[in-house]
Amino acid sequence: MSPRWVAVAQVQEVHAQSGLVVEAEGEFIAIYRVDDSFYAVEDRCSHDGGSLEGGHTIGDQVVCPRHGARFCLRTGAATKAPAYAPITVYPIKREQDQLWVDLNR
Ligand code: FES
């Protein structure tokens, strides 16, 4: 399947500690910044379906703000209970100050 890149945010909109949730063609996507790298994951915790909005990062992991599960931003793997199932990771790219996500991941 060929990529379907969609413009989702400007770099300066993604706060280092809490990320940004955007809607792109009906999909809710949480974007995080770790140092100079950006990551995009589905905005739905695999524990209880909660939004990851406002979740802070620890290294390359995001912490669900509801019950504290953690997910690797690189792979989507659940790394701390109470979540055990992975979440979807989207390819993300930066062109100058524009961030793009591939919805055909
Ligand atoms: S909804 Fe995320 S840890 Fe419970």
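Before any of the text, the structure's been laid out above.
Here the structure is a predicted model, which is why all the values come from computation and not from measurement.

> When you look at the overall build of the protein chain in this model, what are you seeing that I'm missing?
Scanning the protein chain from N- to C-terminus turns up zero helices and 11 strands. Mapped in sequence order, the helices and strands of the protein chain form the string β-β-β-β-β-β-β-β-β-β-β. With the C-alpha coordinates aligned to their principal axes, the bounding extent of the protein chain is approximately 35 × 30 × 20 Å. Burial statistics for the protein chain: of 105 residues in total, 41% are counted as buried. Counting only contacts in the protein chain whose residues sit at least 6 apart along the sequence, the fraction spanning at least 24 positions is 41%. In the form shown here, the protein chain has an accessible surface area of approximately 5600 Å², with 46% of it arising from carbon and sulfur atoms. Charged side chains of the protein chain number 10 positive and 14 negative; the gap between the two group centres comes to 5 Å.

> Can you walk me through the packing of aromatic side chains in this structure?
The description of two aromatic rings rests on the distance between their centres and on the angle between their planes. Tallying each qualifying case throughout the model produces zero aromatic pairs. Above the face of the Trp 5 ring, Lys 93 is positioned so that its terminal group lies 4.4 Å from the ring centre.

> Hey, could you run me through the side chain of Asp 43 in this one?
Of note, Asp 43 is situated in the loop between β4 (37-42) and β5 (57-58). No salt bridge is formed by the buried Asp 43, whose closest oppositely charged neighbour, Arg 44, lies at an N-O distance of 9.5 Å. The contacts of Asp 43, once residues within four sequence positions are left out, are Val 21, Phe 28, Ile 29, Ala 30, Gly 50, Ser 51, Leu 52 and Glu 53.

> Help me understand the sheet that holds strand β1 (residues 5-10), please; the structure alone is not making it clear to me.
Think of a sheet as strands paired side by side through backbone hydrogen bonds, with each pair either parallel or antiparallel. Across the sheet, three strands lie side by side as β1-β11-β10; this open sheet has antiparallel pairing. Lying at the two open borders of the sheet, with one neighbouring strand each, are β1 and β10 (92-95). Between one strand axis and the next, the sheet turns by 35° as a mean value, whatever way the strands run. Looking at chain direction, β10 and strand β11 (residues 98-102) are connected through four bridges and run antiparallel. Within the sheet, the bridge partner assigned to Arg 94 lies in β11 and is Leu 99.

> Explain the environment of Phe 38 here, please?
Along the chain, Phe 38 falls in strand β4. A relative accessible area of 10% places Phe 38 in the buried class. With sequence-adjacent residues up to four places away left out, Phe 38 is seen in contact with Val 11, Val 14, Tyr 32, Arg 33, Ile 92, Arg 94 and Leu 99.

> For this particular structure, what's the right way to read the pattern of salt bridges?
A pair can form between side chains of opposite charge whenever their charged atoms are brought close. For the structure on display, the rule yields five salt bridges. Of the charged contacts in the structure, one is a salt bridge between Glu 25 and Arg 4, with a shortest N-O distance of 2.3 Å. Of this pair, Glu 25 sits in the loop between β2 (20-24) and β3 (27-34) while Arg 4 is found in the segment before β1, placing the two residues 21 residues apart along the sequence. Since its relative accessible area comes to 55%, Glu 25 is described here as exposed.

About the criteria used
Residues numbered from 1 in each chain as written. Predicted model: local features only at pLDDT ≥ 70, side-chain atom pairs only at ≥ 80, totals over all residues. Heavy atoms only, no water. Helix = DSSP H or I, 4+ residues; strand = E, 2+ residues; numbered from the N terminus. Buried < 20%, exposed > 50% of the residue type's maximum accessible area, 1.4 Å probe, protein only. Contact = heavy atoms within 4.5 Å. Areas by Shrake-Rupley, 256 points an atom, 1.4 Å probe, with all protein chains shown as cover. Lys, Arg positive; Asp, Glu negative; His and termini not counted. Charge placed at Lys NZ, Arg CZ, Asp CG, Glu CD. Phe/Tyr/Trp six-rings, centres within 6.5 Å; stacked < 30°, edge-to-face > 60°. Lys NZ or Arg CZ within 6 Å of the ring centre and 35° of its normal. Salt bridge = Lys/Arg side-chain N within 4 Å of Asp/Glu carboxyl O. Pairing = 2+ DSSP bridges. Axes fitted to C-alpha atoms, helices over the stretch in contact; angles between N-to-C directions.

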